[in-house]
Amino acid sequence: MSLPDDTQRRLTDLEVKFSFTEDLLEHLNVTVAKQQEQIDLLLRELLQLRRQSGSDEAPTFRSLRDEIPPHY
């Protein structure tokens, strides 16, 4: 059984579009995975910095006028 030329052309077009869509989806999946790795790394670094500062609280505002000059 042979399909009419118009139906065959439309089917071929759909297969091509599907192929491009599948490729795009794979590319997006890789991109999202890399971004998640970067987010995880940044969160670990942030937690490490918070531990180093000795406080999990939000940073408080400090005025430079309250700082002691280095020569004191």
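Provided above is the structure to which this section pertains.
Residues numbered from 1 in each chain as written. Predicted model: local features only at pLDDT ≥ 70, side-chain atom pairs only at ≥ 80, totals over all residues. Heavy atoms only, no water.

**Description of the overall build of the protein chain**
- A tally of regular secondary structure across the protein chain gives one helix and zero strands.
- Counting all 72 residues of the protein chain, 0% fall into the buried class.
- Within the structure as shown, the protein chain displays about 7600 Å² of accessible surface, and the carbon and sulfur contribution to it stands at 58%. (Helix = DSSP H or I, 4+ residues; strand = E, 2+ residues; numbered from the N terminus. Buried < 20%, exposed > 50% of the residue type's maximum accessible area, 1.4 Å probe, protein only. Areas by Shrake-Rupley, 256 points an atom, 1.4 Å probe, with all protein chains shown as cover.)

**A look at the pattern of salt bridges**
- Considering all chains together, one arrives at two salt bridges under this definition.
- Residue Asp6 is joined to Arg9 by a salt bridge in which the shortest nitrogen-to-oxygen separation is 2.7 Å. With Asp6 and Arg9 both in helix H1 (residues 5-53), this residue pair falls three residues apart, about one helical turn.
- For Arg9, the salt bridge identified is with Asp13, shortest N-O distance 3.3 Å. Here Arg9 pairs with Asp13, and both are found in helix H1, just four residues apart, close to one helical turn.
- The network of salt bridges with shared partners includes Asp6, Arg9 and Asp13. (Salt bridge = Lys/Arg side-chain N within 4 Å of Asp/Glu carboxyl O.)

**With respect to H1**
- A rise of 1.5 Å per residue sets the reference length of H1, with its 49 residues, at 72 Å; its end C-alpha atoms lie 72 Å apart and thus fit the reference within 8%.
- Within two residues after H1, Gly54 carries a phi angle of roughly 80°, on the positive side. (Expected span 1.5 Å × (residues − 1).)

**Notes on a nonpolar patch on the surface**
- A grouping of Ile39, Leu43 and Leu46 is seen on the molecular surface, where their side chains present a nonpolar patch of about 260 Å² in accessible area.
- Here Leu46 shows up in helix H1.
- Residue class for Leu46 comes out partly exposed when judged on its relative accessible area of 38%. (Patch = residues over 30% accessible without salt bridge, like charges linked within 9 Å, V, L, I, M, F, W, Y side chains within 5 Å.)

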